[in-house]
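A structural walkthrough
As a plain string of letters, each chain reads:
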Amino acid sequence: MKTNLLFIGVALTLSSCSLLSGPAQTSVTIIGVNDFHGNILPTSFRVPDPADRTKTQTVQAGGIEAIGGVLAEARKANPNTVFVGVGDMTGASPLISGLLRDEPSIDALTKLGMAVNVVGNHEFDYGFSELQRYQTGGCNSNDAAKACKYNTTFAGAGFTYVAANVVDEKTGKTVLPAYKMVTVGGAKIAFVGAVLKETPTVVTPAGVAGLRFEDEVASINAAIPDIKRNGADAIIALVHQGGASPDAFDIVDCKTLSGSIVDIARKLDSSISAIMTGHTHRGYNCVVPGPNGANRVVIQGDAYGHLLQRLDLTIDTRANKVLALKSSNVVVNAATAPKDAAMTAIVQKAKALTDPLAQQPVGTLGVEQITRAQNPAGESGLGNVIADSQLAATRAADRGGAVIALMNPGGIRADLPVNVPNPDKKVTYGDAFTVQPFGNILSVLTLTGAQLKDVLEQQFDNPAVGQNRILQVSQGFTYTWDNSKPKGEKVSALVLNGTPIDPAANYRVAVNNFLADGGDGFTTFRQGKDLIGGDLDIDAFRAYLQSSTISAPAVGRITRLN
């Protein structure tokens, strides 16, 4: 008996030595979605034509049923699969989710097994207290008309919101966890996150009152020592900031990425294996040299669930080291992906609650679709329509007496309607809500002609140097901008109904309350006087669509030189 035990002991000792001398490898799949914006139903998405890559074809992509199917297939192939969010899961959402305060989306993402989501700027659309409700649940919302209508009790998110760079101004402490450690297949994966530091310039100031948004790189790098002390085998950065690439989303290891994320990627700690990004709604799968000079994956998956970011890692858990990493963007083709029955139930429940309003017809267009695509001057047909609708709603003396309306392009969330073909040219309230989902209040304020020019000068190098955020303008107002001129001197030839704008004269200007409060970097609006509020922007838009057959107005209100 003793001899047998001795041999067993020797065998165990040899086995242990063998394990210690060789790597303990595990395979982990990470799947991420960015800029979901409550799109629980699929929408149109253009993909390269496999028969001719110089062309594209339209598919219906995204939606929680198909996302659930793609995740199920991934988990079947590799049970060690983690589902994460890269910000803007909620906010600016279609009516089916937005009318229910995005609770169907949070329920869906929870049931899909999302582990962690870095906050995006839109998670602050309704203020930090509402974000806290999204995390912990309950019905104590700042919009009681929408909260807890999907469920009479709201359990909150089953995933964790993180951000290393959102700080309470009074205490100087972060208001969310910097990272979350997820253990899967014996490996500990740390997901460390940050939202763009410019968040206060792209959300309603009231939504981020009392918060400070610090540098993304410094905040993430400061969390790395603690992550390492806790034994992470791999570190993935979730950064709600992005860029753009001329290469298609399915090109692997592209080297053409530009934008704010590039500088961030170059400076993030070299122990971070990959950077999953969002915000810019662009699909790309690129590499950027890190601080040690080695290329590192920087990936983004378009928006609305059209693409899922995927990382496949081989990890040595003894050495706390990533041995191999492959990246890809996965098209969520709603026509071919298997459907998740639990997600179908969520869609059906949300539709039953919202369809009576969503399906109400609000007008007939003169064309199948009016798009938000901008010409080189920054003007779009849909932008013109929305600006015209806001002027129509505020022109009367008792509604503010506006003579000009200006609309921020970031508030135009979709084409009208979002899906084509649309042979009967009909649009519904749901279509209109998808275009204008924020529920902003129209405001009319007085600006001098000089202040009006100052507002237009703030369009350039906004939100970053070399980028422009061109306001959409109402009928009767025109101006010219010269791209070769220095900042502050680009705008000229401001004309209203054939008469040049007088710098000393006063003009009543209609904007939404987001702009009136200085949102999107248009701080000059805060100088406006005699501010009055009015209708919701969606109500003005609906009334305008009902007033006549609307086609895309001819562009030409904005002229660009050079």
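So, here is what we can say about the structure in this document.

Reading the values: rules and limits
- Residues numbered from 1 in each chain as written.
- Predicted model: local features only at pLDDT ≥ 70, side-chain atom pairs only at ≥ 80, totals over all residues.
- Heavy atoms only, no water.
- Helix = DSSP H or I, 4+ residues; strand = E, 2+ residues; numbered from the N terminus.
- Buried < 20%, exposed > 50% of the residue type's maximum accessible area, 1.4 Å probe, protein only.
- Contact = heavy atoms within 4.5 Å.
- Areas by Shrake-Rupley, 256 points an atom, 1.4 Å probe, with all protein chains shown as cover.
- Lys, Arg positive; Asp, Glu negative; His and termini not counted.
- Charge placed at Lys NZ, Arg CZ, Asp CG, Glu CD.
- Axes fitted to C-alpha atoms, helices over the stretch in contact; angles between N-to-C directions.
- Parallel < 35°, antiparallel > 145°, perpendicular 65-115°, else oblique.
- Nonpolar A, V, L, I, M, F, W, Y, C, P; charged D, E, K, R; others polar.
- Pairing = 2+ DSSP bridges.
- 1 Å grid on protein atoms, 1.4 Å probe; cavity = no way out; pocket = protein on both sides within 12 Å on 5 of 7 lines; lining within 4 Å.
- Points joined across faces, edges and corners; volume = space filled by probe spheres on them.
- Phe/Tyr/Trp six-rings, centres within 6.5 Å; stacked < 30°, edge-to-face > 60°.
- Salt bridge = Lys/Arg side-chain N within 4 Å of Asp/Glu carboxyl O.
- Arc of directions from axis to C-beta.
- Disulfide = S-S within 2.5 Å.

Looking only at helices and strands, one finds 13 helices and 27 strands in the chain. If you line up the chain on its principal axes, its C-alpha atoms span 105 × 55 × 50 Å. The 562 residues of the chain split such that 52% are buried. Summarising the internal contacts of the chain: among those between residues at least 6 apart in sequence, 73% fall at separations of at least 24. Total accessible area on the chain is roughly 22,500 Å²; 53% of this is exposed by carbon and sulfur atoms. With 48 positive and 50 negative side-chain charges, the chain shows a separation of 4 Å between the mean positions of the two kinds.

For any two helices packed against each other, one specifies the inter-axial angle together with the distance between the axes. One way to put it is that helix 4 (residues 103-111) packs onto helix 8 (residues 341-358) with a least axis distance of 10 Å and a crossing angle of 175°. Accordingly, the angle class assigned to the pair helix 4 and helix 8 is roughly antiparallel. Contacts between helix 4 and helix 8 involve Pro 104, Asp 107, Ala 108 and Lys 111 from the first element and Met 343, Ile 346 and Ala 350 from the second. By residue class, the composition of the contact of helix 4 with helix 8 is five nonpolar, no polar and two charged.

Strand order in the open sheet formed by six strands is 6-5-4-1-15-16, and the pairing between neighbours is mixed. Of all strands in the sheet, those with a lone pairing partner are strand 6 (160-162) and strand 16 (321-331), marking the two edges. With strand direction ignored, the average angle separating the axes of adjacent strands in the sheet is 25°. Here strand 1 (residues 25-33) runs beside strand 15 (residues 307-316); their pairing, made up of eight bridges, is antiparallel. Across the sheet, Val 28 pairs through a bridge with Leu 313, a residue of strand 15.

The next subject is empty space enclosed by the protein. Applying the stated criterion to the full structure yields one cavity of 30 Å³ or more. There is about 70 Å³ of room inside the largest cavity. For the largest cavity, the full set of lining residues is His 37, Asn 39, Thr 43, Ala 92, Ser 93, Pro 94, Tyr 304, Arg 413, Ala 414, Val 418 and Thr 434. When the residues that make up the lining of the largest cavity are grouped by side-chain class, the tally is five nonpolar, five polar and one charged.

The subject of this paragraph is the sheet that holds strand 13 (residues 283-289). Pairing is mixed in the open sheet, where six strands are placed in the order 8-9-11-12-14-13. Each edge of the sheet is formed by a strand with only one pairing partner; in this case those strands are strand 8 (179-184) and strand 13. The sheet shows a mean angle of 25° between the axes of neighbouring strands, taken without regard to direction. Those strands touched by helix 6 (residues 216-229) are strand 8, strand 9 (187-195), strand 11 (234-240) and strand 12 (272-277), and its axis lies near 155° from that of strand 9. On top of the sheet, helix 7 (residues 260-267) reaches strand 11, strand 12, strand 13 and strand 14 (295-301); it is set at about 40° to strand 13, its chief contact.

Within the element layout of this structure, Leu 99 appears in the loop between helix 3 (95-98) and helix 4. Take Leu 99: its relative accessible area is 22%, and that puts it in the partly exposed class. C-alpha separation for the pair Leu 99 and Lys 146, spaced 47 residues apart in sequence, amounts to 6.1 Å.

Let us now look at the packing of aromatic side chains. Scanning the model with the defined rule gives eight aromatic pairs in all. Here the aromatic rings of Phe 45 and Phe 249 are separated by 5.8 Å at their centres, their planes lie at 35°, and the arrangement is tilted. Taken together, the positions of Phe 45 in strand 2 (residues 43-49) and Phe 249 in the loop between strand 11 and helix 7 put the pair 204 residues apart, joining distant regions of the chain. Accessibility classification places Phe 45 together with Phe 249 in one group, the buried group. Between the aromatic rings of Phe 460 and Trp 481, the centroid separation amounts to 4.9 Å while the plane-to-plane angle is 40°, which identifies the pairing as tilted.

Next up on the list: the pattern of salt bridges. Across all of its chains, the model carries 18 salt bridges by this definition. The partner of Asp 520 in a salt bridge is Arg 469, and the shortest N-O contact between them spans 3.8 Å. Of this pair, Asp 520 sits in the loop between helix 12 (513-516) and strand 26 (529-536) while Arg 469 is found in the loop between helix 11 (449-457) and strand 21 (472-473), placing the two residues 51 residues apart along the sequence. We classify Arg 469 as buried; its relative accessible area is 12%. A network of salt bridges, in which partner residues are shared, links Arg 101, Glu 103, Glu 130, Arg 133, Asp 143 and Lys 146.

What follows concerns the environment of Pro 417. Take Pro 417: it is sitting in the loop between strand 18 (404-407) and strand 19 (426-428). Relative accessible area serves as the criterion here: at 5%, Pro 417 is assigned to the buried category. In this structure, the C-alpha to C-alpha distance between Pro 417 and Thr 428, residues 11 residues apart in sequence, is 8.4 Å. Setting aside residues up to four positions removed in sequence, Pro 417 forms contacts with Leu 365, Glu 368, Gln 369, Asn 422, Val 427 and Asp 431.

Along helix 13 (residues 537-547), the residues classified as buried are Asp 537, Ile 538, Ala 540, Phe 541 and Leu 545. Across the axial projection of helix 13, the buried residues extend over an arc of 160°, all falling on one side. The elements touched by buried residues of helix 13 are strand 17 (361-364), helix 9 (381-394), strand 19, helix 10 (429-435), strand 20 (441-448) and strand 26.

Counted under the stated rule, the structure contains two disulfides. Each sulfur in the disulfide pair Cys 139 and Cys 148 lies 1.9 Å from the other. Classification of the bridge connecting Cys 139 and Cys 148 rests on its S-S torsion, roughly -95°, and on that basis the disulfide is left-handed. Judged by relative accessible area, which is 39%, Cys 139 ranks as partly exposed. Among the residues examined, Cys 148 registers a relative accessible area of 10% and is labelled buried. Two residues, Cys 254 and Cys 286, share a disulfide whose sulfurs are 1.7 Å apart. Every disulfide takes its handedness from the sign of the S-S torsion; for Cys 254 and Cys 286 that torsion is 50°, giving right-handed. Pair noted here: Cys 254 is in the loop between strand 11 and helix 7 and Cys 286 is in strand 13, with a separation of 32 residues, a long-range link. For the residue pair Cys 254 and Cys 286, the accessibility class agrees, reading buried in each case.

Of the voids in this model, the second largest pocket is the one considered here, and its volume is about 450 Å³. Around the second largest pocket, the lining comprises 21 residues; the ones closest to its centre are Leu 41, Pro 94, Gly 430, Asp 431 and Thr 434. Contributions of two or more residues to the lining of the second largest pocket are made by helix 3, helix 8 and helix 10. Broken down by element, the lining of the second largest pocket gets its largest block of residues, four residues, from helix 8. A class-by-class count of the residues in the lining of the second largest pocket yields nine nonpolar, nine polar and three charged.

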